[in-house]
Amino acid sequence: MAERKRRRRRRHRRNNGCIAALVIVVAIGAAAAYGIPWAISQYSGAVRETFSESVEKSVNVIQAKETEFEELTVTEEEVEGHFYYNQLSESDRTVYRELMQGIEQMEEGIRIHAGREDHPEKVYEYLLFDCPEFFWCAGSSQMSVYEDYTEFYPAYSCSPEEKERKRREIDAAARTCIDGIDSAASEYEKIRYVYEYLVDTVEYDEDAPDNQNIYSALVGKRSVCAGYSRAAQYLLNRMGIECIYVIGTAQRQEAHAWNIVNCDGKYYQMDVTFADPVFLSSENGETVPGDMISYDYLCCTDAQIATDHSQSTDVPYPACISDDLNYYKMNGLYYESYDPQLLLNAMNDSIYARREMFVCKFSDSEVYAQAREGLIEELFPKAARTLGAEYGLESVRYTYIEDEPHSKLTVFWDYGKEN
């Protein structure tokens, strides 16, 4: 029978899609995207990572056969809190639950209530966005489409035996993480804890195995944005905190994944990947400490994350408009005006307390521009003299980072090897 094909391009989740009529092969693969909005002293650079997913369909006509469906045991109550599930039509919600049931059992073929006019591949994608625990799904699939139903064949990345072994390893890693925080901690404290835990324990590596799922981040400790974001979603969900997997672009061009979290009834943007900056070396060979965490992406607003992120418009993500959990405001590092003496006193206090760094974030670009020159040309050198006098240093060294997009300056103090 003749086969008809036509090609079309879809941004982000579908590229080079080929669509015709009835037998469908779907292949989805992904990495991630990462850009760095930083400059170290007078130097700047970027780290990029590819993130692409493609869906390819080839279709042949198939004769319909007698239709029988397994009893659906996944209830609506089990999935009613899933964000992407709630974006679907009633008929697609049934398909979602059918796919979920089959995937949990690692069925080779899943018969679903989707005909030739439906798009079960999108429902499958939404299911994987909602369920980071399905680490054994490779993301690709094949489909045999009939008039009123579809035989869906998911691709699995491991055998049932490997799945159970990896699941035990993931459970152990998750318990290690969760045991590190008091169960009575507030929701914000739990969110911040997971944010910091993943930055501290996971190394950014675009060549990491399994980097699209939680196994890479929680067990392998190496991942990319998909692994970071799914791990955050998995851990917070286990703590009883709603965490949504978000897709979009970063740095205005690269596809990227991050999260939206629900803290005490309000929604906030959160990007764990961008909390883990990759820094450049300055000309003198010094490197900014690699254990620094950026808090610009912890419980921030839509407007704040829009500095370098643009989320997909395919679904209506919750609005994130509250600034009450701004890390810098909560920790006395936020300045709405340029007050040289106030800033100098704060820097000196950081030196007396022997803190590794001093951070000052300004309310907007105008205040930042006003403060920048004074800090770099006058206040940093004055604070450095305090550093030398306090610790008896013959020479004083410090490194600073200019982060203009986030209206922030950070200075790192060198206390000398003997102190």
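Residues numbered from 1 in each chain as written. Predicted model: local features only at pLDDT ≥ 70, side-chain atom pairs only at ≥ 80, totals over all residues. Heavy atoms only, no water.

Peer 1: If you had to explain the overall build of the chain to someone new, which residues and values would you point to?
Peer 2: Scanning the chain from N- to C-terminus turns up eleven helices and 18 strands. The buried share among the 419 residues of the chain stands at 54%. Summarising the internal contacts of the chain: among those between residues at least 6 apart in sequence, 66% fall at separations of at least 24. A total of about 19400 Å² of accessible surface is found on the chain, and carbon and sulfur atoms cover 44% of it. (Helix = DSSP H or I, 4+ residues; strand = E, 2+ residues; numbered from the N terminus. Buried < 20%, exposed > 50% of the residue type's maximum accessible area, 1.4 Å probe, protein only. Contact = heavy atoms within 4.5 Å. Areas by Shrake-Rupley, 256 points an atom, 1.4 Å probe, with all protein chains shown as cover.)

Peer 1: Before we move on, could you go through the pattern of salt bridges and cite the residues and values that matter?
Peer 2: The full count for this structure, using the stated rule, is 18 salt bridges. Ionic pairing is found between K122 and E125, a salt bridge with its closest N-O pair at 2.7 Å. Residue K122 and its partner E125 are located together in helix α3 (residues 120-130), separated by three residues, close to a single helical turn. We classify E125 as buried; its relative accessible area is 3%. We note a salt bridge from K408 to D296, for which the minimum N-O separation is 2.4 Å. (Salt bridge = Lys/Arg side-chain N within 4 Å of Asp/Glu carboxyl O.)

Peer 1: Account for the sheet that holds strand β14 (residues 309-311), with residues named and values stated.
Peer 2: If you trace the four strands from one edge of the open sheet to the other, you get β13-β12-β11-β14, paired in antiparallel fashion. In this open sheet, the two strands that pair with only one neighbour each are β13 (266-270) and β14. Strand-to-strand twist of the sheet, defined as the mean angle between neighbouring strand axes without regard to direction, takes the value 40 degrees. In this sheet, β13 lies alongside strand β12 (residues 254-263) in antiparallel orientation, the contact comprising five bridges. Residue pairing across strands places N262 opposite Y267, the latter belonging to β13. The strands that helix α7 (residues 225-238) touches are β11 (243-250), β12 and β13; relative to β12, the one it contacts most, it runs at about 15 degrees. (Pairing = 2+ DSSP bridges. Axes fitted to C-alpha atoms, helices over the stretch in contact; angles between N-to-C directions.)

Peer 1: Account for the pairing of strand β8 (residues 150-156), naming residues and giving values.
Peer 2: Strand direction decides the pairing type here: strand β6 (residues 110-112) and β8, joined by three bridges, are antiparallel. Among the inter-strand pairings, I112 is bridged to a residue of β8, identified as T150. Judged from the six bridges that link them, strand β7 (residues 137-145) and β8 form a sheet pairing that is antiparallel. Bridge assignment links Q142 to a residue of β8, and that residue is Y153. Hairpin connection of β7 to β8: four residues between the antiparallel strands.

Peer 1: How would you sum up helix α2 (residues 90-104)? Please name residues and give values.
Peer 2: Taking 1.5 Å of rise per residue, 15 residues should cover 21 Å, and α2 covers 21 Å from first to last C-alpha, within 8% of that figure. Residues of α2 that are buried include every one of R93, V95, Y96, R97, E98, L99, M100, Q101, G102 and I103, and no others. Buried residues along α2 sit in contact with α1 (76-79), β6, α3, β7 and β8. Phi turns positive, to about 55 degrees, at M106, one or two residues after α2. (Expected span 1.5 Å × (residues − 1).)

Peer 1: Describe a negative patch on the surface, naming the residues involved and giving the relevant values.
Peer 2: Side chains of E77, E78, E80, E104 and E133 sit close together on the surface and give a patch of like negative charge. Within the element layout of this structure, E104 appears in helix α2. (Patch = residues over 30% accessible without salt bridge, like charges linked within 9 Å, V, L, I, M, F, W, Y side chains within 5 Å. Lys, Arg positive; Asp, Glu negative; His and termini not counted. Charge placed at Lys NZ, Arg CZ, Asp CG, Glu CD.)

Peer 1: How would you sum up the side chain of N211? Please name residues and give values.
Peer 2: Relative to the elements of secondary structure, N211 occurs in the loop between β9 (203-204) and α6 (214-220). Within the local environment of N211, its side chain forms a polar contact with the backbone oxygen of A208, the two atoms lying 3.2 Å apart. (Polar contact = N/O pair within 3.5 Å; in protein donor to acceptor, adjacent residues only side chain to side chain.)

Peer 1: I'd love a proper account of the state of the cysteines, names of residues and values included.
Peer 2: Counted according to the given criterion, the structure contains zero disulfides. There is no disulfide at C137, and the cysteine sulfur nearest it, in C158, is 9.0 Å away. You can call C137 buried: its relative accessible area is 11%. As a non-bridged cysteine, C300 has C320 as the owner of its nearest cysteine sulfur, 7.8 Å distant. (Disulfide = S-S within 2.5 Å.)

Peer 1: Give a detailed account of the pairing of strand β18 (residues 408-414), specifying residues and quantitative values.
Peer 2: For β18, the buried fraction is high: six of the seven residues fall into the buried class. In the sheet, strand β16 (residues 357-362) pairs with β18 via five bridges, with the strands oriented antiparallel. Bridge assignment links M357 to a residue of β18, and that residue is F412. As paired elements, strand β17 (residues 397-403) and β18 share seven bridges and run antiparallel to each other. Its bridge partner lying in β18, E402 is registered against L409. What sits between the antiparallel neighbours β17 and β18 is a turn of four residues, in which S407 has the positive phi angle 55 degrees.

Peer 1: If you had to explain the environment of K408 to someone new, which residues and values would you point to?
Peer 2: Examined against the element boundaries, K408 turns out to sit in strand β18. Taking the C-alpha atoms as reference points, K408 and V359, 49 residues apart in sequence, are found 7.3 Å from one another. Within the local environment of K408, its side chain forms a polar contact with the side chain of Y328, the two groups lying 3.1 Å apart.

Peer 1: With reference to specific residues and values, describe the side chain of D276.
Peer 2: If you trace the backbone, D276 turns up in the loop between β13 and α8 (302-305). At a separation of 3.0 Å, a polar atom in the side chain of D276 contacts the side chain of Y228.

Peer 1: Tell me about the packing of aromatic side chains, residues and numbers included.
Peer 2: All chains considered together, the criterion is met by 25 aromatic pairs. Aromatic rings pair up to connect F83, Y84, Y126, F129, Y245 and Y317 into one cluster. Positioned above the aromatic ring of Y85 is the side chain of R93, whose terminal nitrogen or guanidinium carbon lies 5.2 Å from the ring centre. Sitting above the plane of the W136 ring, K163 keeps its charged end 4.2 Å from the centroid. (Phe/Tyr/Trp six-rings, centres within 6.5 Å; stacked < 30°, edge-to-face > 60°. Lys NZ or Arg CZ within 6 Å of the ring centre and 35° of its normal.)

Peer 1: Residues and numbers for unusual backbone geometry, please.
Peer 2: A negative phi holds for most residues other than glycine; trans holds for most peptide bonds. Within the chain, M106 stands out as a residue other than glycine whose phi angle is a positive 55 degrees. Note that M106 resides in the loop between α2 and β6. With a phi angle near 55 degrees, S407 is a residue other than glycine that sits in the positive phi range. Relative to the assigned elements, S407 resides in the loop between β17 and β18.

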